[in-house]
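Residue strings, one per chain:
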Amino acid sequence: MTNQNHTQRAHSKLGGSTAHRWTNCTGSVFYLDELPEQEPTEASIEGTKAHELSEKFLETFLEHMISGEKASVDLVGFEEGMIEGAMLYQESIWKELLNESITAKAYGLEERFAIDETLDMGGIVDFWSVYIDDRGKRCGVVADYKYGFTPVVAKNNAQLAFYAVALRKFCLSQGKELDYVTGAIIQPRAANKFQAVKYTAKQLTAWEKKFYKAAEQIFVEKKATFKVGDWCKFCPAMGVCKDYIASKQTK
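Note that this is a predicted model, so its numbers are computed, not measured.

Student: Can you lay out the pairing of strand β3 (residues 106-116) for me, pointing to particular residues and giving the numbers?
Tutor: With respect to burial, β3 is a largely interior element, 8 of its 11 residues being buried. As judged from the 9 bridges shared by β3 and strand β4 (residues 121-132), these two strands associate in the antiparallel manner. Bridge pairing links Phe113 to Gly123 in β4.

Student: Mind laying out unusual backbone geometry, listing which residues take part and the relevant values?
Tutor: Phi at Glu100 takes a positive value of approximately 60°, unusual for a residue other than glycine. Relative to the helices and strands, Glu100 is located in the loop between α4 (80-97) and β3.

Student: Pulling in residues and values, what's your account of the side chain of Thr23?
Tutor: Its location among the elements puts Thr23 in helix α1 (residues 19-24). Reaching out from Thr23, the side chain makes a polar contact with the backbone oxygen of His20 at a distance of 3.5 Å. Filtering out sequence-adjacent residues up to four positions away, Thr23 remains in contact with Lys210, Phe211 and Ala214.

Student: Outline the pattern of salt bridges, listing residues and values.
Tutor: Per the counting criterion, the structure on display carries 8 salt bridges. With a shortest N-O distance of 3.7 Å, Glu59 and Lys56 are connected by a salt bridge. Of this pair, Glu59 and Lys56 both sit in helix α3 (residues 42-67), 3 residues apart, roughly one helical turn. The exposure class assigned to Lys56 is partly exposed, which follows from its relative accessible area of 41%. Its salt-bridge partner being Glu208, residue Lys169 comes within 3.6 Å of it at the nearest N-O pair. Of this pair, Lys169 sits in helix α5 (residues 158-173) while Glu208 sits in helix α6 (residues 201-220); the two residues are 39 residues apart in sequence, bridging distant segments of the chain.

Student: So, the packing of α5 against α6: which residues are in play, and what are the values?
Tutor: Where α5 contacts α6, the two axes come as close as 9 Å, and the packing angle between them is 105°. One way to sum up the angle between α5 and α6 is to call them roughly perpendicular. Taken together, the residues of α6 that come into contact with α5 (itself represented by Ala158, Ala161, Phe162, Ala164, Val165, Arg168 and Lys169) are Ala201, Leu204, Thr205, Trp207, Glu208, Phe211 and Tyr212. For the contact of α5 with α6, the per-class residue count stands at 10 nonpolar, 1 polar and 3 charged.

Student: So, the packing of aromatic side chains: which residues are in play, and what are the values?
Tutor: Each aromatic ring pair is characterised by the separation of its centres together with the angle its planes make. For the structure shown, the criterion picks out 12 aromatic pairs. Between the aromatic rings of Phe61 and Trp94, the centroid separation amounts to 5.2 Å while the plane-to-plane angle is 80°, which identifies the pairing as edge-to-face. Here the residue Phe61 occupies a position in helix α3, and Trp94 occupies one in helix α4, the gap between them amounting to 33 residues. The exposure class of Trp94 is buried, given its relative accessible area of 10%. Seen from their ring centres, Tyr107 and Phe127 are 6.3 Å apart, and the 25° between their planes marks the pair as stacked. Here the residue Tyr107 occupies a position in strand β3, and Phe127 occupies one in strand β4, the gap between them amounting to 20 residues. Among the residues examined, Phe127 registers a relative accessible area of 0% and is labelled buried. Here the basic side chain of Arg189 rests over the ring of Tyr147, its NZ or CZ set 3.7 Å away from the ring centre.

Thresholds applied
- Every chain's residues receive numbers from 1 upward, in the order its sequence appears when written.
- Reporting in this predicted model follows two pLDDT cut-offs: at least 70 for local features of residues, and 80 or more for side-chain atom pairs to be given and counted; totals over whole chains, interfaces and linings ignore these cut-offs and use all residues.
- Side-chain numbers come from the whole structure's heavy atoms, not from hydrogens or water.
- Three labels apply to residues, based on accessible area from a 1.4 Å probe with only protein chains included: buried if under 20% of the type maximum, exposed if over 50%, partly exposed otherwise in between.
- Helical segments are the DSSP runs of H or I of at least four residues, strand segments are the runs of E of at least two, and each set is numbered from the N terminus.
- By the convention used here, strands pair only if DSSP detects at least 2 bridges between them.
- Any pair of N or O atoms that falls within 3.5 Å is considered a polar contact. Within protein, one atom must be able to donate a hydrogen and the other to accept it, and sequence-neighbouring residues count only if both atoms are side-chain atoms.
- Contacts: residue pairs with any heavy atoms within 4.5 Å of one another.
- Each salt bridge in this description consists of a side-chain nitrogen of Lys or Arg and a carboxyl oxygen of Asp or Glu lying within 4 Å of one another.
- A fitted line through C-alpha atoms represents every axis, and for helices the fit uses only the stretch in contact; the resulting angles, taken between N-to-C directions, go from 0 to 180 degrees.
- Between 65 and 115 degrees an angle is taken as roughly perpendicular, under 35 as roughly parallel, over 145 as roughly antiparallel, and anywhere else as oblique.
- For this classification, Asp, Glu, Lys and Arg are treated as charged, while Ala, Val, Leu, Ile, Met, Phe, Trp, Tyr, Cys and Pro are nonpolar and the rest, including Gly, are polar.
- Aromatic pairs are defined between Phe, Tyr and Trp rings, using the six-membered ring for Trp, whenever the two ring centres lie within 6.5 Å; interplanar angles under 30 degrees are classed as stacked, those over 60 as edge-to-face, and all others as tilted.
- Cation placement over rings: the criterion is NZ of Lys or CZ of Arg within 6 Å of the ring centroid and within 35° of the ring normal.

In structure tokens:
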């Protein structure tokens, strides 16, 4: 678990944000090895800026709730929609995921968690928390902030599951099992602005096996299996992938 600077992040080959792609199409990883590093797009630059503001809003708010000291966030250079999104993010974390209390709860913002560093399986979790709930269960929380317009569904979301598995593995390394993990998508510019799912320990074990199976095909078996699906939409190899191009030509 490590803190990450937004502008100095080295992306894992098998990262959380791309888990939906590489678990379904292991071949995409082999394609990407041959492509030059992508330049930031306007959308990615905007998303980074939105993440930085939302992180600052939440960090400042939680520090205030802990210490009682008031602090403000510099809003110069941020448009109204981005500010409103950051406020929604802060409120959703506080009300929906922390139940309006930070007492006896460990938490962190924009930190890297890994399922397996040797297999380059890691990712940045926007927000995480671990605490004992009112039933005496050890609860984990992972939240992902999406500033884009394309609706993201929390149910069966490989990215959320990846972060939940990584958080659980970290807790296990500290000798603490999690009874369940709540994963949440917060997306201010979508119709459904807050979604949450709950993973039991058994479900997280199943997801972990799925991630390791794909990693084994990629790094051990070196097996490039290509499969066209909705994960192709944001794949950098879309323009050179023969299977994707062929699927479009048959339509």
